[in-house]
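Coordinate analysis (summary)
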Amino acid sequence: MCRRDAGRVTIGVRHLVFSANAFAGALLALFLSFEIGLERPFWAMVTVYIASQPLSGASVSKGVFRLIGTVVGAGAAVVMVPAFVNAPVLLTLVMALWVGGCLFVSLMDRTPRSYLFMLAGYTAAFVGFPSAGHPEQVFGTAVLRAQEIGLGVFCAMLFHSIIFPLSVGDAVRDRLRDILADAERWTADALSGASSPETEMERRRLANDTTELHLLGTHLPYDTARIRPERRTLAALQDRLVLLLPMASAIEDRIVTLRAAGALPEYLDRLIEDIRSWIKDPAAADPDMLHERAEALSREAARRHDWNALLQVNLAGRLAELIVLLGTIRSLARAIRFPEEKLPQALRQTIRAARPRKFHLDYALALRSAFAAVLAIGGCAAFWIFSGWPDGATATMIAAVMCCFFAAMDDPTVAQRGFLYGTAAGIPLVGLYLFAILPMISGFPLLALVLAPLFLPLGVAVAFPALAGATMPLVVGIAGGLALNNNYGPSDFATFVNSNFALCAGVLAAIFATRLVRVLDPAAAVLRVLRAGWRDLADAAEGRSIRSPAAWTSRMLDRVGLILPRLPRAAADLRLAGTDALRDLRVGLGVLQVREAARTTPSGAARVALERLVATLGRHFRRLGNGASERAPLMLLDEIDVALALTLDAPADFPGREPTLHALVGLRRNLFPDASAWQPEALAA
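Every value quoted in this text rests on a predicted model; they were computed, and no experiment measured them. Counting from 1, residues in each chain are numbered in the order their sequence is written. Totals for whole chains, interfaces and linings use all residues, but because this is a predicted model, local features are given only for residues with pLDDT of at least 70 and pairs of side-chain atoms are given and counted only at 80 or more. The side-chain numbers reported here are obtained from all heavy atoms of the structure, hydrogens and water having been left aside.

**Notes on the environment of Asp 411**
Each helix corresponds to a stretch of at least 4 residues labelled H or I by DSSP, and each strand to a stretch of at least 2 residues labelled E; elements are numbered beginning at the N terminus. Checked against the element boundaries, Asp 411 lands in the loop between helix 16 (392-405) and helix 17 (412-437). Between the alpha carbons of Asp 411 and Ala 525 there is a distance of 9.9 Å; along the sequence they are 114 residues apart. Leaving out residues up to four positions away in the same chain, Asp 411 has contacts with Arg 515, Val 519 and Leu 520. Between N or O atoms, a polar contact is any pair within 3.5 Å; within protein, one atom must be a potential hydrogen donor and the other a potential acceptor, and residues adjacent in sequence are included only when both atoms are from side chains. A distance of 2.4 Å separates polar atoms of two side chains, one belonging to Asp 411 and the other to Thr 413. Residues are treated as being in contact if the distance between any of their heavy atoms lies within 4.5 Å.

**Side note on helix 4 (residues 88-109)**
Each residue after the first adds 1.5 Å to the expected span of a helix. Across its 22 residues, helix 4 extends 32 Å between first and last C-alpha, which sits within 8% of the 32 Å expected from 1.5 Å per residue. Where helix 4 is concerned, the buried positions are Leu 91, Thr 92, Met 95, Ala 96, Val 99, Gly 100, Cys 102, Leu 103, Ser 106, Leu 107, Met 108 and Asp 109. Residues of helix 4 that are buried sit in contact with helix 3 (56-84), helix 5 (114-128), helix 15 (363-387) and helix 16. Directly after helix 4, the chain includes Arg 110, whose backbone phi takes a positive value near 60°. Burial status follows relative accessibility: with a 1.4 Å probe on protein chains alone, a residue under 20% of its type maximum counts as buried, one over 50% as exposed, and anything between as partly exposed.

**A few points about the side chain of Thr 70**
With respect to the helices and strands, the residue Thr 70 is situated in helix 3. A relative accessible area of 0% places Thr 70 in the buried class.

**Focus: helix 12 (residues 287-301)**
An α-helix turns once every 3.6 residues. As a result, residues three or four positions apart point the same way. Look at helix 12: 21 Å from first C-alpha to last across 15 residues, which is about the 21 Å you get at 1.5 Å a residue. Every buried residue belonging to helix 12 is among Leu 290, Ala 294, Leu 297, Ser 298 and Ala 301, and all of these are buried. On an axial view of helix 12, the arc spanned by its buried residues comes to 100°, and they lie on one face. Projecting away from the buried face of helix 12 at angles above 90 degrees are the exposed residues Asp 288 and Arg 299. Where the residues of helix 12 are buried, they touch helix 11 (266-280), helix 13 (307-337) and helix 27 (657-671). N-capping of helix 12 is provided by Asp 286, with a side-chain oxygen placed 3.1 Å from the backbone N of Asp 288. The arc in question is traced by the directions running from the helix axis to the C-beta atoms.

**Thoughts on a negative patch on the surface**
Every patch collects residues that have over 30% relative accessible area and no salt bridge, joining them within 9 Å if they carry like charges and within 5 Å if they are nonpolar side chains (Val, Leu, Ile, Met, Phe, Trp, Tyr). Note on areas: Shrake-Rupley with a 1.4 Å probe; residue coverage comes only from the protein chains shown. The working definition used for a salt bridge is a side-chain nitrogen of Lys or Arg within 4 Å of a carboxyl oxygen of Asp or Glu. This count recognises Lys and Arg as positive and Asp and Glu as negative, with His and chain-terminal groups excluded. Where a charge sits is defined by one atom per residue type, namely NZ (Lys), CZ (Arg), CG (Asp) or CD (Glu). A cluster of acidic residues, Asp 286, Asp 288, Glu 292, Glu 295 and Glu 658, forms a negative patch on the protein surface. No other element matches helix 12, which puts three residues into the negative patch. Its location among the elements puts Glu 658 in helix 27. According to the relative accessible area criterion, Glu 658 is partly exposed, its value standing at 40%.

**Looking at the environment of Thr 423**
Within the fold, Thr 423 resides in helix 17. Overall, the relative accessible area of 5% leaves Thr 423 in the buried class. Here the alpha-carbon distance between Thr 423 and Thr 123, two residues 300 residues apart in the chain, equals 20 Å. If we ignore the near neighbours within four places in the chain, the residues touching Thr 423 are Pro 473 and Leu 503. Here the side chain of Thr 423 touches Phe 419 through a polar contact of 2.8 Å, landing on its backbone oxygen.

**Quick look at the nonpolar core**
Nonpolar cores are built from buried Ala, Val, Leu, Ile, Met, Phe, Trp, Tyr and Cys residues. Side-chain atoms within 4.5 Å join them into one set. With 107 residues, the main nonpolar core has Ile 275, Leu 315, Leu 319, Phe 621, Leu 644 and Leu 671 as its most contacted residues. Sort the elements by how many residues they give to this core and helix 13 lands first, with 16 residues.

**Focus: unusual backbone geometry**
Backbone phi values are negative for most residues with the exception of glycine, while trans is the configuration of most peptide bonds. One non-glycine residue, Arg 110, lies in the positive phi region at around 60°. Note on placement: Arg 110 falls in the loop between helix 4 and helix 5. Relative accessible area serves as the criterion here: at 24%, Arg 110 is assigned to the partly exposed category. In this model, Ala 483 sits at a positive phi of 45°, which is unusual for a non-glycine residue. If you trace the backbone, Ala 483 turns up in the loop between helix 19 (465-482) and helix 20 (493-517).

**Thoughts on the pattern of salt bridges**
Counted under the stated rule, the structure contains 19 salt bridges. Notably, a salt bridge pairs Asp 174 with Arg 177, separated by 3.3 Å at the nearest N-O pair. In this pair, Asp 174 and Arg 177 both sit in helix 7 (residues 168-192), three residues apart, roughly one turn of the helix. The closest approach of N and O atoms between Asp 182 and Arg 185, which form a salt bridge, is 2.8 Å. With Asp 182 and Arg 185 both in helix 7, this residue pair falls three residues apart, about one helical turn. Members of the salt-bridge network, linked through shared partners, are Asp 253, Arg 254 and Arg 669.

**Things to note about the packing of aromatic side chains**
Any Phe, Tyr or Trp ring, taking Trp's six-membered ring, that has another such ring centre within 6.5 Å forms a pair; planes under 30 degrees apart are called stacked, those over 60 apart edge-to-face, and the others tilted. Scanning all chains against the criterion turns up 15 aromatic pairs. Judged by centre distance (5.3 Å) and plane angle (65°), the rings of Phe 31 and Phe 444 are edge-to-face. With Phe 31 in helix 1 (residues 13-36) and Phe 444 in helix 18 (residues 444-462), the pair connects residues that are 413 residues apart, well separated along the chain. Accessibility expressed as a relative area gives 34% for Phe 31, which makes it partly exposed. Measuring from ring centre to ring centre gives 5.7 Å for Tyr 122 and Phe 405, while their planes differ by 80°; the resulting arrangement is edge-to-face. Of this pair, Tyr 122 sits in helix 5 while Phe 405 sits in helix 16, placing them 283 residues apart in sequence. You can call Tyr 122 buried: its relative accessible area is 3%. For Phe 405, a relative accessible area of 32% translates into the label partly exposed. Over the face of the ring belonging to Phe 126 we find Arg 145, whose NZ or CZ atom lies 4.6 Å from the ring centre. Comment: the charge-over-ring label is applied if NZ (Lys) or CZ (Arg) is within 6 Å of the ring centre and within 35 degrees of the ring normal.

Structure follows, in structure tokens:
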């Protein structure tokens, strides 16, 4: 395992095994390329390191995505180059648009599968631009690229899947155990009504945890373990986990409010303590009995029509939902830990009902990233075409790669500069090997021996997630710079200098283009995510897009996960004052419930009041989403209060009465936490 004690990284057996597997795979790829007579064995070597992942299933999936993307991109180059070779400017434009389009689709995917689309983009540049001067060679280059990549993928999968493989299923189970323990602990803290700032941050990390589980789950079909959890079971668990956060925070708010008003009855307080005990120890109580007590208390409190009674009804109802939710989460977690066990019918139905995870998508930002790629490629290609620079193709294709690799970051230029520094740092090492070490050896065993002191330590560093980002550019730069073939080196020193200069020029072009159109500061990035949530809230009120609470919660929790890492660097910005994505999440659930109530309530004053409330909510959040800065209008508070009074007057057996009351109470608490208690007498007067 990887541990970090007082800033020191400890190397474990897993890191050594990973490095040994990657190096052995790279050597096998080189050896087979030499034996087959392929022209660019270093492509296969680089592929082994790129496809190598700590989890065996992740190595297989990334390798498969890389191979498919390579074949698609190479095929696109075969089509584009002969068609536009006589019009270099047009060829550049078509190639740049292809790269930009593939990058846009990749950014819209938000799963490991996005790598496939990114590869399809810049592989076309890798094959197409060097072939522009010799279009008759483009098919051969495309086939060679696919062969080398396929060979590298095979070697990476072979070693990582056979020699001490680390199963994705085991990683999912280990991660799930930690997530569930954390979730149960902070849920119990929420029921105490006295959570600390540390607990609050831990609670919000659930957003990142569920996303991490989802990403791990995408590798499950490629796992090498014989028995593994089903992706649909994991998806069903994620659906429940994303509902846990808003529910626990809503329960905590009601407990704190009732205690502050001295209105938390002893019998309700006792139920809360019993549920806390059950959360900490599942054998401490019968969940069915706890659920019955919560529903009975909700019915008892519903007989009174004052604000404290409404809060008690809301709290008891949420507690009943929490018991069911946690019970389902525990059952699904057990199904993942023991996939060979037979599942109850009810749980099988829950799993079948699971839906794909909803992610936040920023179309405008993806378009800007695509435009940056087009701009960088176009700038490099223009200089190449009009100057006749022999290595212009190298600079152009490297610019394409650099714009694609880091496009998902707020400021890709930071990572691009890191890649430039890593590449520059590797140039002296490459020169030492090419002109001092490799010319003195012959035979593959000696080649493996001299490469081991360089690549084995780098492989260990790549195994640490915190170091991989800085080390991988060095690995790729060195392996690509060595350009190993049967002659063990380039033709002359001028070729070495020109190729490395072109490589650095391509990275600089990507940095310049990205800086022009794509960089975001952390506060602006947070605001973009928040405003997207507000626009979704407006759409939810208007019934345009998001229609289910699970879909809304899934997307908003993803947004919380995107916001959290940026907050320390953006919190001082005044534009973020008073914003709270978790509150918006709870408001969205209330909006969906009120909109559904407005649709199903029979014609009359209650329906008119609910429709008016939904319309006002839609207008308010539409203004926020369009950039306005305003508090919720007091008119909205009046409309919530009117809707509350009219809903209370509805028959007690009306099916939508209780969920509508829960939603209205939640909206009032979330939008107007400091408002005075609701008074039906004031409305009647």
